Amino acid sequence: MQLKADGLACNRGGREVFRDLSFALAAGEAMVVTGRNGAGKSSLLRMIAGLIRNAAGRLQLAGGAPDTAIAEQAHYLGHQDALKPSLSVGENLRFWTEFLGARGDIESALNAVELAPLIDLPAAYLSAGQRRRLSIARLIAVPRAIWLLDEPTSALDAPSQKRLADLMRAHLTGGGMIIAAAHGPIGLERARELKLGPA
Amino acid sequence: MSAFSALLIRDMRLAVRAGGGALMGALFFLIVVTMMPFAIGPDLALLARIGPAILWLGALLASLLALDRLFATDHDDGSLDLLMMGPMQLELSVAAKAIAHWLTTCLPLVVIAPVLGLMLNVELHTMGWLALTLLAGTPALTFIGLVGAALSVALRRGGLLLAILVLPLTVPVLIFGVAAANAAIVGPAPFGPPFTILCALSLASLVLGPIAAAATLRHGLE
């Protein structure tokens, strides 16, 4: 399985963010997208997720399910956590698991992010880091090949960052791919770097 | 459980939990209809004559009341991104949300309309007919309003824009809804033709609304 980008260009609000961006990522590889604010890190992730259109170029996933869009084989962890405050931790995760079409094991996913004791707590009472961990649990509960992580370590404390790094390593070992936008290290030793030019 | 029913159940659950808008519509309906006799005066004949129109107008405004947040909350917390990345067509996701909205906001209006009709001197035995017209017509309101909700998704205070966009489009529903209700209650025109057109409006918007709203959402996220 290989994700291949060829000559990608991105325009936001009439302004060119980046162009002529090419990369190839094989199964089991991770790539960290770096660059200054406004260089287009988030735009690139959203483009791969199918949430914004590419102005030019092609994105291809070779060796995946051929009839399925890349977006349906990818997880997008954005700046927002996609949680409903009035639903409990378990209800939030169960909804996304069912909606994304998996029969995922919610308890073990919550265990993986150390939120299992809070399963019945309304998400409104979670801290920023706990909310982040709950949305990471979604990636565990629903298996999808590509993880698109937008500053995944934000709001996480040191033990949780280490835990996330372990989960990412397990995902890579299982043949997954990770593309992360980050300003600092995300805890993966063998990640390639894609530097987006100054905006 | 399928993605469709998962989304339907989540939205209904959100509507009845704290901060949801399920009862707001019904309460607004109650207030509007209660105020009418005070404004118009105790002329029972007049109230009976315009009662169906008042109930329909009240239901129309109440059903649009919570609609502006239908996509806006999902947009604000990032859920909309994930809904678009799901395995289900966006049209179906949009339809599931609309059905959940209808069940939690419009169905209560249909249920309390007969009680409110008493305040407007609408005779008890004709209230069933009036509720029937609301039952047939309110899906059209929800599914037409869906397009407005999709258009105003990224706007703060999109509610006013939604009303301005959507209310003109609901005029046919209002006309045939009130015509059918009047035909049943006052006569002498037959009930069938306006009621059939009302059903047709609902069925057509049931199909076209989700398609238009999904296209709007896709375009709006650019």
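Since we're looking at a predicted model, the values are computed, not measured. (Residues numbered from 1 in each chain as written. Chains lettered and ligands numbered in written order. Predicted model: local features only at pLDDT ≥ 70, side-chain atom pairs only at ≥ 80, totals over all residues.)

Undergrad: Talk me through the interface of chain B and chain A; I want residue IDs and the actual numbers.
TA: Residue-level contacts link 22 residues of chain B with 23 residues of chain A. Sorting the residues of the side of chain B that touches chain A by element identifies helix H1 (3-16) and helix H5 (79-85) of chain B as the ones contributing at least two each. If one sorts the elements of the side of chain B that touches chain A by residue count, H1 of chain B sits on top with 6 residues. Partitioning the side of chain B that touches chain A into residue classes produces 11 nonpolar, 5 polar and 6 charged. (Contact = placed C-beta atoms within 7 Å. Helix = DSSP H or I, 4+ residues; strand = E, 2+ residues; numbered from the N terminus. Nonpolar A, V, L, I, M, F, W, Y, C, P; charged D, E, K, R; others polar.)

Undergrad: Account for the sheet that holds strand S4 (residues 56-62) of chain A, naming residues and giving values.
TA: Two strands in a sheet stick together by hydrogen bonds in their backbones, pointing the same way (parallel) or opposite ways (antiparallel). Residues and elements named next belong to chain A. Ordered by their spatial adjacency, 3 strands build an open sheet running S2-S1-S4, and the pairing between neighbours is antiparallel. A single partner strand is all that each edge strand has here, and the edge strands are strand S2 (15-26) and S4. Across the sheet, the mean angle from the axis of one strand to that of its neighbour is 15°, orientation sign disregarded. Where strand S1 (residues 2-12) meets S4, 6 bridges bridge the pair, whose relative direction is antiparallel. Paired with Lys-4 across the strands is Gln-60, a residue of S4. Against the sheet, helix H1 (residues 41-48) engages S1, S2 and S4, with an angle of about 120° to S1. (Pairing = 2+ DSSP bridges. Axes fitted to C-alpha atoms, helices over the stretch in contact; angles between N-to-C directions.)

Undergrad: How would you summarise helix H5 (residues 158-173) of chain A if you had to cite specific residues and measurements?
TA: All names here are of chain A. With 16 residues, H5 should cover 22 Å at 1.5 Å per step; its first-to-last C-alpha distance of 23 Å lies within 8% of that length. All buried positions along H5 are accounted for by Leu-164, Met-168 and His-171. For H5, the angular spread of the buried residues around the axis is 60°, confining them to a single face. Seen from the open side of H5, the exposed residues pointing more than 90 degrees away from its buried face are Ala-158, Pro-159, Lys-162, Asp-166, Ala-170 and Thr-173. Here the buried face of H5 lies against strand S3 (30-34), helix H4 (128-141), strand S6 (146-150) and strand S7 (177-181). Two residues or fewer past H5, Gly-175 is found with a positive phi of approximately 90°. (Expected span 1.5 Å × (residues − 1). Buried ≥ 20, exposed ≤ 12 C-beta atoms within 10 Å, placed from the backbone. Arc of directions from axis to C-beta.)

Undergrad: Account for the sheet that holds S6 of chain A, with residues named and values stated.
TA: All names here are of chain A. Spatially, the 5 strands line up as an open sheet ordered S5-S6-S7-S3-S8, and their pairing is parallel. The open sheet has two edge strands with one neighbour each: strand S5 (74-77) and strand S8 (192-195). The sheet shows a mean angle of 15° between the axes of neighbouring strands, direction not considered. Of the strand pairs in this sheet, S6 and S7 are connected by 5 bridges, and their pairing is parallel. In the strand pairing of S7, Trp-147 is matched with Ile-178. Contacts from H1 reach S3, S5, S6 and S7, with the element oriented near 145° to S7. H5 rests against S3, S6 and S7 of the sheet, and its axis sits at about 140° to S7.

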